[in-house]
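# An overview of the molecular structure
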Amino acid sequence: MILEDSSSNAEVNGESYVGGIAGNQNYGLVFNNVNYGNVNGDDTVGGITGFSRQSGKIYNNMNYGDISGNINVGGITGLCSIESVMDDPTTVANCINLGTVSSDNPESAGSICGYNECSVINNYWLYDPDKGLGMEIGVNDADGAFSDSYPLTESLLKGESSTVPFYVSGDDSYYEIADALTAWAADNSGDALWLSMILNGWRYSASTGYPELTDEAAVKPDGGLGLEPVFEIKPS
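A quick note: this is a predicted structure, and the numbers were derived from the prediction, not measured. (Residues numbered from 1 in each chain as written. Predicted model: local features only at pLDDT ≥ 70, side-chain atom pairs only at ≥ 80, totals over all residues. Heavy atoms only, no water.)

Check the secondary structure of the chain and you find two helices and 31 strands. The proportion of buried residues among the 236 residues of the chain is 51%. Residue pairs at least 24 apart in sequence account for 72% of intrachain contacts in the chain once pairs closer than 6 positions are excluded. As presented, the chain carries roughly 9900 Å² of accessible surface, and 50% of it is formed by carbon and sulfur atoms. (Helix = DSSP H or I, 4+ residues; strand = E, 2+ residues; numbered from the N terminus. Buried < 20%, exposed > 50% of the residue type's maximum accessible area, 1.4 Å probe, protein only. Contact = heavy atoms within 4.5 Å. Areas by Shrake-Rupley, 256 points an atom, 1.4 Å probe, with all protein chains shown as cover.)

Right, let's get into the state of the cysteines. In total, this model carries one disulfide according to the counting rule given. Free of any disulfide, Cys113 has its nearest neighbouring cysteine sulfur in Cys80, separated by 5.3 Å. The exposure class assigned to Cys113 is buried, which follows from its relative accessible area of 0%. (Disulfide = S-S within 2.5 Å.)

Formed by 26 residues in total, the largest nonpolar core has its most connected members in Met62, Ile96, Leu98, Tyr124 and Leu157. Of all the elements in the fold, those that place two or more residues in this core are strand E6 (29–31), strand E22 (124–126), helix H1 (154–157) and helix H2 (177–187). The element best represented in this core is H2, accounting for six residues. In this structure, Tyr124 is in contact with Cys95, Ile96, Asn97, Ile112, Tyr150, Leu152, Phe166, Ile177, Ala180 and Leu181, ignoring residues within four places of it in sequence. One finds Ile48, Cys80, Cys95 and Ile112 within the second-largest nonpolar core, a separate group that totals 13 residues. (Core = buried A, V, L, I, M, F, W, Y, C linked by side-chain atoms within 4.5 Å.)

Time to look at the sheet that holds strand E14 (residues 71–74). Taken together, the four strands give an open sheet; going across it, the order is E4-E9-E14-E19, and neighbouring strands pair in parallel fashion. In this open sheet, the two edge strands, each paired with only one partner strand, are strand E4 (16–19) and strand E19 (109–110). (Pairing = 2+ DSSP bridges.)

One can find Asp128 in the loop between E22 and strand E23 (137–140). What makes Asp128 partly exposed here is its relative accessible area of 22%. When the C-alpha positions of Asp128 and Glu154 are compared, they lie 9.2 Å apart, and in sequence the two are 26 residues distant.

Here the focus is the packing of aromatic side chains. Under the definition given, this model contains eight aromatic pairs. Considering the side-chain rings of Tyr59 and Trp184, the 5.4 Å spacing of their centres and the 80° angle between planes classify their relative orientation as edge-to-face. Residue Tyr59 is found in strand E11 (residues 57–59), and its partner Trp184 is found in helix H2; the two are separated by 125 residues along the sequence. By the burial criterion, Tyr59 is buried, and Trp184 matches it. On the basis of an interplanar angle of 75° and a centroid distance of 6.4 Å, the ring pair of Tyr64 and Tyr210 is categorised as edge-to-face. Of this pair, Tyr64 sits in the loop between strand E12 (62–63) and strand E13 (67–69) while Tyr210 sits in the loop between strand E28 (201–204) and strand E29 (211–214), placing them 146 residues apart in sequence. Residue Tyr64 shares its accessibility class with Tyr210, and that shared class is buried. Among the aromatic residues, those joined into a cluster by ring pairs are Tyr36, Tyr64 and Tyr210. In this structure, Lys158 is placed above the aromatic ring of Tyr210, and the distance from its NZ or CZ to the ring centre is 4.7 Å. (Phe/Tyr/Trp six-rings, centres within 6.5 Å; stacked < 30°, edge-to-face > 60°. Lys NZ or Arg CZ within 6 Å of the ring centre and 35° of its normal.)

As enumerated under the stated definition, the model contains two salt bridges in all. With a shortest N-O distance of 3.0 Å, Glu212 and Arg203 are connected by a salt bridge. (Salt bridge = Lys/Arg side-chain N within 4 Å of Asp/Glu carboxyl O.)

Another aspect to go through is the sheet that holds strand E7 (residues 34–35). Spatially, the six strands line up as an open sheet ordered E2-E7-E12-E17-E22-E25, and their pairing is parallel. Each edge of the open sheet carries a strand with a single partner, namely strand E2 (7–8) and strand E25 (150–152). Bridge analysis of E22 against E25 gives three bridges, and the strand direction is parallel. Bridging across to E25, Tyr124 finds its partner in Tyr150.

The next point concerns the pairing of E29. Burial along E29 is two-sided: Pro211 and Leu213 facing one way and Glu212 and Thr214 facing the other are all buried. The pairing of E28 with E29 spans four bridges and is classified as antiparallel. Among the inter-strand pairings, Arg203 is bridged to a residue of E29, identified as Glu212. Counted between consecutive antiparallel strands, the loop separating E28 from E29 contains six residues, among which Gly209 sits at a positive phi close to 85°.

Here is the structure:
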């Protein structure tokens, strides 16, 4: 499964495995997607995916919607499972959550992931505990790993330069969020599993001030017949 370059404004309600873009991601790639709609469910609820497993990759996604549920509730994914193919971990990376996350069991709710058994890398979220925007992960299982993710103030998310780099690549350090997101995507686009897809770059939205995905210098494979642009995703 490859789910790319989509946006959703729909309000989503369900019971289990409820997501703003995909409910149950079994293997495959979910990237360059934006969710604006609120998502509500009971068990395993996320702004982008509800349940991700079998070495699935959740890259370069953004959630604006408010996410609510009972257990395993996350701004990007509700539950990231250890189930894998050839020991390649399911991975949530290079994503942003701007939406609130609320749960009847706050210990299993996270601004990025509600329950993590996999790999969570280089993600960002708006930090405001009064609005339900607190910790990155609700429950981190012994098999789960998370690194290089940052709770940010609104001004940092809107382009204020940080005093420490968000991302370091070789001799280059990136102190603005849009630059860090784009650099990470470029450095991690050569994974053979995903056919060397070049992920979209990021810029600051003229309307919201927050980072948004852009098609500038972005291309994707088209079956070996050349390369075509990826369409731009704009805020609603």
